[in-house]
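# Summary of structural features
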Amino acid sequence: MLNIINLIRNENMKNFRVVSTWVMVAILLLMVAIGGIITKTTSNSEGNKDWKAEISKQNEQFKSMLSEQQGLPKAVKDRYEKDIKINEYRIKHDIPPVETNTLWGFVISCIGIIAIVSLFTIIKAASSVASEFSSGTIKLLLIRPAKRWKILLSKYISAMLFAIGLLVVLFSFSFILGGVLFSFKGASHPYLAFVDGAVVEKSMVLNVFGKYGLACVDSIMMVTFAFMISTVFRNSALAIGLSIFLMFTGGTIVGLLSKYDWVKYILFANTDLTQYIDGTPLVEGMTMAFSIVMIIIYFAAFNFISWFNFSKRDVAA
Amino acid sequence: MTGKPIVQIKNIKKNIGKKAIIKDVTFDVFAGEVFGFLGPNGAGKTTTIRMMLGLMSITEGEIFINGYSIKKDFESAIACVGGIVENPEMYKYLSGYHNLLHYSRMYKGIKKERIEEVIKLVGLEKRIHDKVKTYSLGMRQRLGLAQALLHSPSLLVLDEPTNGLDPAGIRELRELLRKLAQEENIAVFVSSHLLSEMELMCDRIGIIQNGQLLNIQKVDEFLAEEKTTVSATFTVEPVSKAKACIGSIIKSKTSAVKNNQIEVEMEWEQIPEVVAKFIQEGIKVYGVQTATKTLEDKFLEATGGSEIA
């Protein structure tokens, strides 16, 4: 009956007219700036110039290791061979390696800051439901011709839009700052992938977006979790606290329990999809498909609990 | 009442856990009337309002608004209701205007002009672009009223609307509500414990206690009825003689003696008779004061004091 776009506009208005949102944006910009300044002052720009000599030296090391040590595991051997091929390709085509003091290197190093984006989004998502209850505004919000699930959905979408906004800010600012500090010349450098024994040039932008996407899986799950806690307990402190605690300790807990087979059913064992791309899975036998299914199941369960609590329970606040 | 019923509450019950909060309440509110809902703390006023507005589920029974069931057809039913539950809690970090904009987006087809119109109606033109956190409680009440009237509802539900208003504000609100009921034929449902206020504001009053509706009465009817019995206070000397004197005329159960005053509940018609007797007996009469039984007395009588159920 009611246009959900209007509900989302309302949530966005509430989000962006509160000071804390802009403080979050400022903190994000500040962190990228500090990262840039530290990288600039600690790296020696001289090293960049004779990168060809450096990587050919590196290749010699790899080669000697491959020939001297016969008992190397296959994964390590493959890794060396891949690196050698890519380095040779770099020298041949004059494509310098991605160091943190290059444009793309800096952008990629800033991906770690996505953890801060999740942190801020958790705070927003948790408080967007719980604060309506604690301030009593929920009573005026729910006596409108809009189904409760639509109001909940609009809050969820608005939190996701906030996250996307922060990610756009993070990417663009790290790109601009990287260019300013380390020159934009590197912007056109391709990403070198190793496919079926051959080096292939790929778009660096897409590679970075892929990395962003993988880093966001964890964020989306934690935001959904925070949202659930916030609708169930109607308390933003609890939702924020619990989600942040799990975000920072989840990986450690799973690591400690990794000797048990059932650990693979825990959410945090599955949210890091990079373990299948360049690393070893936490529990042997886990696959990317298994993790994706687990993530979808958790995602559906969290959202169902949120929906059920928000649309069925009495409002007595 | 001449209007059609806007609200039909039919045998509603509400249990929270095992406790019955509302036990079988039935009443109608008609278009064009101001209905007062009175009750001591914990009687179930707010619970009833929450059920009317769909904030709480109804354990048993039905509530219809404009013929739409709030249970089964929530969106159609609530679209014709404007309300404030308890305090008018608005988004404090937004301006008054943005609060109204926020709520206007939740209805179909509310234009900017309507927002301006409502702002003018509640008299907030000067401060509407200030943040709500800078508002006084009275201004928040006005803003609360503005958001409730935005979509021109046929039912206005106000929970303790005079809370925090100054005497001038209360009077203004009273006039506004009367005007809305009379001119726009809105049904106004007001809950309060400010009894004297209700007397002036409402056409009918329902008294609720322990989750049960005790009675519903027209305000003017019972004011007329109560006029016959008054509480009279005589300032006389000597008091003891006067007391005996009164006792000889009326068999009053309630007489209180304080300093040189005697308070007696008696028929209005008997006052001159008592005064004549006093003078005849040589008792000095310094003053006679009468007070009709107010709604407050009636209310306390009906609910048996302030005990929380």
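Residues numbered from 1 in each chain as written. Chains lettered and ligands numbered in written order. Predicted model: local features only at pLDDT ≥ 70, side-chain atom pairs only at ≥ 80, totals over all residues. Heavy atoms only, no water.

## What about the overall build of chain B?
Helix and strand counts for chain B come out as 11 helices and 14 strands. Counting only residues that meet the buried cut, chain B has 52% of its 309 residues in that class. Carbon and sulfur atoms provide 49% of the accessible area of chain B, an area that totals close to 14500 Å². (Helix = DSSP H or I, 4+ residues; strand = E, 2+ residues; numbered from the N terminus. Buried < 20%, exposed > 50% of the residue type's maximum accessible area, 1.4 Å probe, protein only. Areas by Shrake-Rupley, 256 points an atom, 1.4 Å probe, with all protein chains shown as cover.)

## Examining the interface of chain A and chain B
Each partner contributes to the interface: chain A provides 30 residues, whereas chain B provides 30 residues. Summed over both sides, the interface of chain A with chain B buries roughly 3000 Å², with 57% coming from carbon and sulfur. Of the charged contacts, one joins Glu-89 of chain B and Lys-139 of chain A as a salt bridge, the two residues approaching to 3.0 Å between their closest N and O atoms. Contributions of two or more residues to the side of chain A that touches chain B are made by helix 1 (4-16), helix 6 (114-135), helix 7 (138-141) and helix 8 (148-182) of chain A. Examining the composition of the side of chain A that touches chain B, we find that six residues originate from one element, helix 1 of chain A, more than from any other. (Contact = heavy atoms within 4.5 Å. Buried area = accessible area lost by both parts, 1.4 Å probe. Salt bridge = Lys/Arg side-chain N within 4 Å of Asp/Glu carboxyl O.)

## With respect to the side chain of Glu-89 of chain B
In this structure, Glu-89 of chain B sits in the loop between strand 6 (81-84) and helix 3 (96-104). Here the side chain of Glu-89 of chain B touches Lys-139 of chain A through a polar contact of 3.0 Å, side chain to side chain. Residues contacting Glu-89 of chain B, with those up to four places away along its chain left out, are Ser-135, Gly-136, Thr-137, Lys-139 and Leu-140 of chain A together with Tyr-103 of chain B. (Polar contact = N/O pair within 3.5 Å; in protein donor to acceptor, adjacent residues only side chain to side chain.)

## Topic: the packing of aromatic side chains
All names here are of chain A. Counted by the stated rule, this structure contains 25 aromatic pairs over all chains. Between Phe-16 and Phe-162 the ring centres are 6.5 Å apart and the planes differ by 55°, which places this aromatic pair in the tilted class. Here Phe-16 is found in helix 1, whereas its partner Phe-162 is found in helix 8, with 146 residues between them in sequence. Since its relative accessible area comes to 36%, Phe-16 is described here as partly exposed. Ring pairing ties together the aromatic residues Trp-104, Phe-171, Phe-175, Phe-184, Phe-209 and Tyr-212, which thus form one cluster. Above the plane of the ring of Phe-162 lies Lys-124, whose end atom (NZ or CZ) is 5.9 Å from the centre. Positioned above the aromatic ring of Phe-290 is the side chain of Lys-264, whose terminal nitrogen or guanidinium carbon lies 5.7 Å from the ring centre. (Phe/Tyr/Trp six-rings, centres within 6.5 Å; stacked < 30°, edge-to-face > 60°. Lys NZ or Arg CZ within 6 Å of the ring centre and 35° of its normal.)

## What to know about the side chain of Ser-69 of chain B
All names here are of chain B. Here Ser-69 is to be found in strand 5 (residues 68-69). Classification of Ser-69 as buried rests on a relative accessible area of 7%. At a separation of 3.0 Å, a polar atom in the side chain of Ser-69 contacts the side chain of Glu-62. With residues up to four places along the chain from it excluded, the contact list for Ser-69 reads Glu-62, Ile-63, Phe-64, Phe-74 and Ala-77.

## Quick look at the pairing of strand 2 (residues 198-202) of chain A
All names here are of chain A. Judged from the five bridges that link them, strand 1 (residues 191-195) and strand 2 form a sheet pairing that is antiparallel. For Val-195, the partnering residue across the bridge sits in strand 2 and is Ala-198. The antiparallel hairpin formed by strand 1 and strand 2 contains two residues in its connecting segment, where Asp-196 sits at a positive phi of about 50°. (Pairing = 2+ DSSP bridges.)

## Quick notes on helix 1 of chain A
Note: α-helices contain 3.6 residues per turn, so residues at a spacing of three or four share the same orientation. Taking 1.5 Å of rise per residue, the 13 residues of helix 1 of chain A would be expected to cover 18 Å, and the 18 Å separating its terminal C-alpha atoms lies within 8% of that figure. Within the span of helix 1 of chain A, buried status applies to Asn-6, Leu-7, Ile-8, Asn-10, Glu-11, Met-13, Lys-14 and Asn-15 of chain A. The secondary structure elements touched by the buried residues of helix 1 of chain A are helix 2 (19-42), helix 6, helix 7 and helix 8 of chain A together with helix 3 of chain B. Capping the start of helix 1 of chain A, Asn-3 of chain A holds a side-chain oxygen 3.2 Å from the backbone nitrogen of Ile-5 of chain A, two or three residues further along. (Expected span 1.5 Å × (residues − 1).)

## Notes on the domain arrangement of chain B
One can read the domain layout of chain B as domain 1 (5-224) and domain 2 (227-297). A C-alpha centroid distance of 43 Å is found between domain 1 of chain B and domain 2 of chain B. (Domains from an automatic or database assignment.)

## Details of the nonpolar core
Phe-27, Ile-63, Leu-155, Leu-156, Leu-177 and Phe-189 of chain B are the most contacted members of the largest nonpolar core, which has 153 residues in total. No other element matches helix 9 (residues 204-233) of chain A, which puts 13 residues into this core. Setting aside residues up to four positions removed in sequence, Leu-156 of chain B forms contacts with Gly-82, Leu-145, Ala-148, Leu-149, Leu-177, Leu-180, Ile-186, Ala-187, Val-188 and Phe-189 of chain B. One finds Val-239, Ile-262, Val-274 and Ile-283 of chain B within the second-largest nonpolar core, a separate group that totals 16 residues. (Core = buried A, V, L, I, M, F, W, Y, C linked by side-chain atoms within 4.5 Å.)

## Considerations on the packing of helix 3 of chain B against helix 4 (residues 112-122) of chain B
Residues and elements named next belong to chain B. Interhelical geometry of helix 3 versus helix 4 gives an angle of 130° and a closest axis separation of 11 Å. As judged from the angle between their axes, helix 3 and helix 4 are oblique. Crossing of helix 3 against helix 4: the hand is right-handed. Here Tyr-97, Leu-100, Leu-101 and Ser-104 of helix 3 lie close against helix 4, whose contacting residues are Lys-112, Ile-115, Glu-116 and Ile-119. (Axes fitted to C-alpha atoms, helices over the stretch in contact; angles between N-to-C directions. Parallel < 35°, antiparallel > 145°, perpendicular 65-115°, else oblique. Left-handed = near helix turned anticlockwise from the far one by under 90°.)

## Topic: the sheet that holds strand 1 (residues 5-16) of chain B
All names here are of chain B. Judged by pairing direction, the sheet is antiparallel, and its four strands sit side by side in the order 2-1-4-5 without closing on themselves. The open sheet has two free edges, formed respectively by strand 2 (19-30) and strand 5, since each of these has just one partner strand. Strands in contact with helix 1 (residues 45-52) are strand 1, strand 2 and strand 4 (60-65); relative to strand 1, the strand with the most contacts, it is inclined by about 115°.

## Quick word on helix 4 of chain B
All names here are of chain B. Inspection of helix 4 places Ile-115, Val-118, Ile-119 and Val-122 among the buried residues, and these make up the whole buried set. Down the axis of helix 4, the buried side of the element spans an arc of 100°, and every buried residue falls inside it. Exposed positions of helix 4 whose direction lies more than 90 degrees from the buried face are Glu-113 and Lys-120. Considering only its buried residues, helix 4 is in contact with helix 3 and helix 5 (137-149). Of the residues flanking the end of helix 4, it is Gly-123, one or two places downstream, whose phi is positive at about 70°. (Arc of directions from axis to C-beta.)

## A few points about a nonpolar patch on the surface
All names here are of chain A. A contiguous nonpolar patch, built from Trp-149, Leu-153, Phe-304, Ile-305, Trp-307 and Phe-308 and spanning about 550 Å² of accessible area, is present on the exposed surface. For the nonpolar patch, the secondary-structure elements that each account for two or more residues are helix 8 and helix 13 (288-312). For the nonpolar patch, the element with the highest residue contribution is helix 13, accounting for four residues. (Patch = residues over 30% accessible without salt bridge, like charges linked within 9 Å, V, L, I, M, F, W, Y side chains within 5 Å.)

## Quick notes on the sheet that holds strand 6 of chain B
Residues and elements named next belong to chain B. On the basis of which strands lie adjacent, the open sheet formed by six strands has the order 6-7-8-3-9-10 and mixed pairing. One side of each edge strand has no neighbouring strand; the edge strands of this open sheet are strand 6 and strand 10 (212-218). On average, each strand axis in the sheet is tilted by 15° relative to the strand beside it, whichever way the strands run. Examined bridge by bridge, strand 3 (residues 34-38) and strand 9 (residues 204-209) share four bridges and lie parallel to one another. Bridge pairing links Phe-37 to Gly-206 in strand 9.

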